[in-house]
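Next come the chains, spelled out residue by residue.
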Amino acid sequence: MDELCYEPVHRLAQRLAAGEVSARELTQAFLDRIQALDGTVGAYLTVTAELALRQAREEDERRRRGEPVGPLSGIPVAVKDNLCIQGVPTTAASRLLAGYRPPYTATAVQRLRRAGAVILGKTNMDEFAMGSSTENSAFRTTRNPWDLERVPGGSSGGSAAAVAAGEAAAALGSDTGGSIRQPAAFCGVVGLKPTYGRVSRYGLIAFASSLDQIGPLTRDVTDAALVLEAIAGPDPADATSAPVPVPSWRESLTGEVKGLRIGLPREFFGDAVEAAVAGAVRAAVERLVADGATAEETSLPSAEHALPAYYLIATAEASSNLARYDGVRYGYRADADTVEGMYLETRKQFGAEVKRRILLGTFALREGYADAYYRKALQVRRLIKDDFDRLFATFDVLITPTSPGVAFPLGARTEDPLAMYAADICTLPVNLAGLPAVSVPCGFVDGLPVGLQVIGRPFAEDTVLRVAYAIEQRLRLDLRPPVGRVAA
Ligand code: GLN
């Protein structure tokens, strides 16, 4: 059964449809694997075993009765712990939300369920999705299945590690500045950040609302298309969800790249990027060129301002979004003699990084400072968007490394916030411009996976997935990490 845990969703769906395995057996296999491995990997904060087995039995029943089933019927998936599921602990890895059980379910999770998926549990993350290594979780350490002394990336590190280690067939994450793509790169899985507005954010615990997007982390590109098809589409409960139809993205996975125009913005291949990582990305691009694509060096000059602009906009929005955690309405409440004392003692429970962001954001929005910081950052955001628009007049996609390096050792950057923030320099501009982008594995450096990022025009998920698929088909990498092989 352990081998099934490494199979992509589309293959498992065939087995389930053919009756080779039942949803219940498959779910039990994943639960057994979580039991065997997760003490080491630490991908999950909550495992919903009973719920999962009940959902699996329901899917089996449906099939037995000959009723129509959804495209993900019986597929065991994991959900990042900042997505609300009714009655299931949802903490965003924060002490502030310890014990919180939401009264409603996020639209993306509802849609997964409607497609027939089985929910295995909630995955670890950086507190309120602020971080790049999952080390800002208040509750546990998640380890990279490729090297247990290294980080899985973040903030969706639990989701990435769970998929990589075969502890879930697929997972949902959220991406504000790279939190799906960067951990996907570090763990050797596929991670897709959809266009802003493509997936409803209803039920996602907000970090920076103008940047946050929900998306899939999967074992291959076909699965990313499959999961995105299930969760995408307009939603009356999220006013920023776009009224754009949901195509069949699987149909765009042709492997064909003839005539494709690829731009390689030099700012993403410079000194800040490890040479071996840049080399692996360039080598993958060469494979596409050999099959009829063209690749040309280009420039995104505003990219160098993305990091400061992001850390002003994201922290400003976060300081406002996190004001609601006052001990009155959700989760944790401290004891104190006065109301003010209760607020103070409650909010002391935020971790150091979250406190740093609230301070930065409050400062950036202060009367008399907002013009110099917050509004200036919004202008830079506009420049970045214009730069991308200009490049997309010439190129169909832009290709960059997903992160400037491979997974770094646990603890290596926890004392140095700027070094931590630098792990996202390739992904942040994409969020500021609201574009779709996917990270696909493109090789290894020192035995650790390297991610390649494909960036597309707004709502061109079909193109970014097509290019990622073309790379995947040409490289055919073995992406089973050693931790899984040992246990298998
Ligand atoms: N690492 C970035 C940050 O800490 C992005 C996080 C995210 O995408 N949620 O803000």
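Shown above is the structure to which this text applies.
Residues numbered from 1 in each chain as written. Predicted model: local features only at pLDDT ≥ 70, side-chain atom pairs only at ≥ 80, totals over all residues. Heavy atoms only, no water.

Draft legend 1. View of the sheet that holds strand E1 (residues 44-47). Reading across the sheet, the 11 strands line up as E1-E3-E2-E4-E6-E5-E10-E11-E9-E7-E8 and stay open at both edges, with mixed pairing between neighbours. Taken across any chain shown, the strands that pair with only one partner, and hence form the sheet edges, are E1 and strand E8 (294-298). Looking at each pair of strands side by side, their axes are set apart by 30° on average, direction ignored. By the bridge criterion, 3 bridges tie strand E5 (residues 190-193) to strand E10 (residues 437-445) in an arrangement that is antiparallel. Residue Leu192 lies in a different strand from E10, and its bridge partner there is Val438. On top of the sheet, helix H2 (residues 23-41) reaches E1, strand E2 (76-80) and strand E3 (118-123); it is set at about 20° to E3, its chief contact. (Pairing = 2+ DSSP bridges. Helix = DSSP H or I, 4+ residues; strand = E, 2+ residues; numbered from the N terminus. Axes fitted to C-alpha atoms, helices over the stretch in contact; angles between N-to-C directions. Contact = heavy atoms within 4.5 Å.)

Draft legend 2. Spotlight on the state of the cysteines. In the structure shown here, the tally under the stated rule is 0 disulfides. No disulfide involves Cys187; its sulfur sits 15 Å from the nearest other cysteine sulfur, which is in Cys442. Exposure remark for Cys187: the relative accessible area of 0% places this residue in the buried category. Free cysteine Cys426: the closest other cysteine sulfur is in Cys442, separated by 12 Å. (Disulfide = S-S within 2.5 Å. Buried < 20%, exposed > 50% of the residue type's maximum accessible area, 1.4 Å probe, protein only.)

Draft legend 3. Region of the structure containing the nonpolar core. Counting 159 residues, the largest nonpolar core has Phe128, Phe388 and Ile399 as its most contacted members. Top contributing element to this core by residue count: helix H9 (residues 306-321), with 9 residues. If we ignore the near neighbours within four places in the chain, the residues touching Phe388 are Leu300, Leu398, Pro429, Val430, Ala433, Leu435 and Ile455. (Core = buried A, V, L, I, M, F, W, Y, C linked by side-chain atoms within 4.5 Å.)

Draft legend 4. Focus on the pattern of salt bridges. Throughout the structure, instances matching the rule amount to 29 salt bridges. Two residues, Asp238 and Arg201, come together in a salt bridge whose shortest N-O distance is 3.9 Å. Highlighted residues: Asp238 in the loop between helix H7 (221-231) and strand E7 (261-265) and Arg201 in the loop between E5 and strand E6 (213-218), separated in sequence by 37 residues. Each member of the pair, Asp238 as well as Arg201, carries the same accessibility label: buried. Between Asp326 and Arg329 there is a salt bridge, with its nearest N and O atoms 3.6 Å apart. By relative accessible area, Asp326 is classed as buried at 13%. Residue Arg329 is classed as exposed on the basis of its relative accessible area, which comes to 55%. In the salt-bridge network here, residues are joined through shared partners; they are Glu61, Arg64, Arg65 and Glu67. (Salt bridge = Lys/Arg side-chain N within 4 Å of Asp/Glu carboxyl O.)

Functional significance is not addressed by these values, which are geometric in nature.
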